[in-house]
Amino acid sequence: MRCQAVFFDIDGTLVDSNGLHVAAWVEAFAEAGHDFAPETVLRQIGKGADNLVPALIPGADARTAKKLGGRHGAIFKDRYLEQVRPFPQARALVSQVHASGRKVVLASSASQAELNHYVKLLDLKKLVDADTTIDDVQHSKPAPDIFVAALGKLTGVDASAVVVVGDTPYDMDPARYCGMVPVAVRSGGFDDEDLTEAGAVAIYNGTATLLAGFDASPLAA
């Protein structure tokens, strides 16, 4: 089926923020008495707090996850958000999708406030047809809620006609679950094996490489 819409993850996909999120999480956990190496936290980046916290603190309840998630968000906003920069050709890639007549959707586990910041940073306002964030759903990635909500905002688009571009297994797995086409970029720091096992049908070094190969990619299929 022809690709009719592309769902873009943001952190680690369009903007270089994963390392900064790791730093914010390490600080938030340390304040709560939990010492985690950055490498350990990085393996969980891509999940929202509701799934990330229990993965690192088995048995953590929803209240604990929400509290730690709130602290991470505050640290990230105060110390790191302004350091985030777009990946090379990130806006050009989104613009190419838009120019090709396909719908552009931002589907992120970030908050709406962070997404709004990135839309401004990347100058995407005129290119985006819809967006979904953790504020729109009950569960974050790797639950499929965000992609299901995003699809619900489009009219006449079947899941099989959606390509999801992301940088983590937590993008690939729910995309596959929803019947969408998962395409990965390596810019988030995950191994090809992890991305492939989670369902990635193609892997690119980053946004610039994907743009250069756009015509032969699943986005143009």
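Residues numbered from 1 in each chain as written. Predicted model: local features only at pLDDT ≥ 70, side-chain atom pairs only at ≥ 80, totals over all residues. Heavy atoms only, no water.

Novice: When you look at the overall build of the protein chain in this model, what are you seeing that I'm missing?
Specialist: Each helix and strand in the protein chain was counted, giving 10 helices and eight strands. The globule rule puts the C-alpha radius of gyration for 221 residues at 17 Å, and the 16 Å found for the protein chain is close to it. C-alpha atoms of the protein chain, sized along the principal axes, occupy 50 × 30 × 30 Å. Residues counted as buried form 50% of the 221 residues belonging to the protein chain. Look at the contacts in the protein chain between residues 6 or more apart in sequence, and 64% of them connect residues 24 or more apart. (Helix = DSSP H or I, 4+ residues; strand = E, 2+ residues; numbered from the N terminus. Rg over C-alpha atoms; globule rule 2.2 N^0.38 Å. Buried < 20%, exposed > 50% of the residue type's maximum accessible area, 1.4 Å probe, protein only. Contact = heavy atoms within 4.5 Å.)

Novice: Looking at this structure, I do not really get the state of the cysteines. What am I missing?
Specialist: Here is the idea: a disulfide is a covalent bond, and it sits between the sulfur atoms of two cysteines. Counting across every chain of the model gives zero disulfides. The closest cysteine sulfur to the non-disulfide-bonded Cys3 is located on Cys178, 15 Å from its own sulfur. The exposure class assigned to Cys3 is buried, which follows from its relative accessible area of 2%. Taking relative accessible area as the criterion, Cys178 reaches 18% and is therefore assigned buried. (Disulfide = S-S within 2.5 Å.)

Novice: What is the right way to look at the sheet that holds strand S8 (residues 202-204) in this model?
Specialist: Strands pair in a sheet through their backbones, by hydrogen bonds, and they do so in one of two ways: parallel or antiparallel. With respect to topology, six strands assemble into an open sheet ordered S5-S4-S1-S6-S7-S8, the strand pairing being parallel. The open sheet terminates on both sides in strands that have one partner only, identified here as strand S5 (130-132) and S8. Across the sheet, the mean angle from the axis of one strand to that of its neighbour is 20°, orientation sign disregarded. In this structure, strand S4 (residues 103-107) lies alongside S5, joined through three bridges in parallel fashion. Across the sheet, residue Ala107 finds its bridge partner in S5, namely Thr132. (Pairing = 2+ DSSP bridges. Axes fitted to C-alpha atoms, helices over the stretch in contact; angles between N-to-C directions.)

Novice: Would you mind showing me how to read the layout of surface pockets here?
Specialist: Rolling a probe over the atoms, with the probe sized like a water molecule, indicates the empty space that remains. What the largest pocket holds in volume is close to 730 Å³. In terms of lining residues, the largest pocket is bounded by 36 residues, among which His72, Ser109, Ala110, Ser111 and Ile134 are the most central. Ranked by the residues each element gives to the lining of the largest pocket, the list is headed by helix H4 (residues 62-80), at 10 residues. In terms of residue class, the lining of the largest pocket is built from 13 nonpolar, 12 polar and 11 charged. (1 Å grid on protein atoms, 1.4 Å probe; cavity = no way out; pocket = protein on both sides within 12 Å on 5 of 7 lines; lining within 4 Å. Points joined across faces, edges and corners; volume = space filled by probe spheres on them. Nonpolar A, V, L, I, M, F, W, Y, C, P; charged D, E, K, R; others polar.)

Novice: What's the story with the side chain of Asp9 in this structure? I'm lost.
Specialist: Here Asp9 shows up in the loop between strand S1 (5-8) and strand S2 (15-16). Under the relative-accessibility criterion, Asp9 is labelled buried at 8%. A distance of 2.8 Å separates polar atoms of two side chains, one belonging to Asp9 and the other to Thr13. Setting aside residues no more than four positions away along its own chain, Asp9 makes contact with Leu14, Ala107, Ser108, Lys141, Val165, Gly166, Asp167 and Asp171. (Polar contact = N/O pair within 3.5 Å; in protein donor to acceptor, adjacent residues only side chain to side chain.)

Novice: Where do I start with H4 in this structure?
Specialist: An α-helical segment advances 3.6 residues per turn. Residues three or four places apart therefore align on the same side. Between its terminal C-alpha atoms H4 stretches 25 Å, which fits the 27 Å expected from 19 residues at 1.5 Å a residue. All of the buried residues in H4 are Ala65, Leu68, Gly69, His72, Ile75, Phe76 and Tyr80. Axial view of H4: buried residues confined to an arc of 130°, hence all on one face. Exposed side chains of H4 directed beyond 90 degrees from the buried face belong to Arg63, Lys66, Lys67, Lys77 and Asp78. Where H4 is buried, its residues touch helix H1 (18-31), helix H3 (49-56) and helix H6 (112-122). (Expected span 1.5 Å × (residues − 1). Arc of directions from axis to C-beta.)

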